[in-house]
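Coordinate analysis (summary)
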Amino acid sequence: MRRGPKPVSQEQAFEEAAGAGLEPCEPYPGRVIDPWMHRCMTCHMKLNVPLTRIRGGKKCSHWSFERLLGYRRDILKAGFELVGSTPVALHEEVRMRCVTCKKEVWQSVAQTRRRPCTCARDELFVQEMRDAGLEPKVPFPGTSRAPWPSVCTECGQDRKTSLDTVRSGKRCKHGETWPRRR
Ligand SMILES: [Zn+2]
Ligand SMILES: [Zn+2]
Ligand SMILES: [Zn+2]
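Residues numbered from 1 in each chain as written. Chains lettered and ligands numbered in written order. Predicted model: local features only at pLDDT ≥ 70, side-chain atom pairs only at ≥ 80, totals over all residues. Heavy atoms only, no water.

Before going further, it helps to examine unusual backbone geometry. One non-glycine residue, histidine 44, lies in positive phi territory at about 65°. Within the secondary structure, histidine 44 is located in the loop between β2 (37–40) and β3 (46–48). Of note in this structure, lysine 102 is not a glycine but carries a positive phi near 65°. Among the secondary structure elements, lysine 102 is positioned in the loop between β5 (94–98) and β6 (104–107). (Helix = DSSP H or I, 4+ residues; strand = E, 2+ residues; numbered from the N terminus.)

Moving on: the coordination of the zinc ion (ligand 1). At the metal site, the zinc ion (ligand 1) is ligated by Cys40 (SG), Cys43 (SG), Cys60 (SG) and His62 (ND1), and these contacts range over 2.0 to 2.3 Å. Considering all four donor atoms around the zinc ion (ligand 1), the spread of angles at the metal, 102 to 126°, places the coordination shape in the tetrahedral class. The sequence motif formed by the donor residues of the zinc ion (ligand 1) is C-x2-C-x16-C-x1-H. Of this pair, cysteine 40 sits in strand β2 while cysteine 60 is found in the loop between α2 (51–55) and α3 (62–77), placing the two residues 20 residues apart along the sequence. Here cysteine 40 falls in the buried class, since its relative accessible area comes to 2%. (Donors = N, O, S within 2.8 Å, 3.2 Å for Na, K, Ca; no water. Tetrahedral: all angles 85-135°; square planar, octahedral: opposite > 155°, others 65-115°. Buried < 20%, exposed > 50% of the residue type's maximum accessible area, 1.4 Å probe, protein only.)

Spatially, three strands are ordered β4-β5-β6 in an open sheet, and the strand pairing comes out antiparallel. The outermost strands of the open sheet, each flanked by one partner alone, are β4 (80–82) and β6. For this sheet the average axis-to-axis angle between neighbouring strands, irrespective of direction, equals 40°. In the sheet, β4 pairs with β5 via three bridges, with the strands oriented antiparallel. (Pairing = 2+ DSSP bridges. Axes fitted to C-alpha atoms, helices over the stretch in contact; angles between N-to-C directions.)

Mapped onto the secondary structure, histidine 38 falls in strand β2. Within polar-contact distance, the side chain of histidine 38 engages the backbone oxygen of tryptophan 36 at 3.0 Å. Those residues in contact with histidine 38, other than ones at most four positions away along the chain, are Ala17, Leu22, Glu23, Pro24, Cys25, Met45, Lys46, Leu47, Val49 and Ile54. (Polar contact = N/O pair within 3.5 Å; in protein donor to acceptor, adjacent residues only side chain to side chain. Contact = heavy atoms within 4.5 Å.)

So, about the pattern of salt bridges. Applying the stated criterion across every chain yields a total of ten salt bridges. Across the pair arginine 97 and glutamate 81 runs a salt bridge, and its minimum N-O distance is 3.0 Å. Here glutamate 81 lies in strand β4 and arginine 97 lies in strand β5, a separation of 16 residues in the sequence. On the basis of relative accessible area, arginine 97 is assigned to the partly exposed category, the value being 26%. For arginine 95, the salt bridge identified is with glutamate 104, shortest N-O distance 2.9 Å. Its relative accessible area of 35% is what places arginine 95 among the partly exposed residues. (Salt bridge = Lys/Arg side-chain N within 4 Å of Asp/Glu carboxyl O.)

This is the structure in structure tokens:
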């Protein structure tokens, strides 16, 4: 009686290879640790991989290409473009640029999925100010509590009303400290 791992039939070995997306180029060599030549069914690249490594989850390297392409797609979908190299891991921080405002940031694909560029949000804040009759003179100061220099579209007076103040309902009291233009 033979000891050690149970022998594998040709048929069974071919089935296991097929399950991993591999097409054997030669008969199963007989032992799970023996080199065994395959062709990837997806990209047709040749790879030499014994059955024991197929069982261990060894896959053709085109899988990692697909992952990289997936990262690139995620980055584009979030409104960024890569400035440098493509990240090879989900949490690797890389340089990317917002396609809308051209601001460059260092962040990972994981962060990008959660956090699009702030310019999309800032545009909404600018709209809130305009709805309240104030035209911002500078970009959003970064916090809704900070004074945000603007001009009243009604009386033309400079204002430094914060977004919080606008949200609380306060509006420009036209001409209170400045003669009203009419
Ligand atoms: Zn492949
Ligand atoms: Zn942006
Ligand atoms: Zn006013």
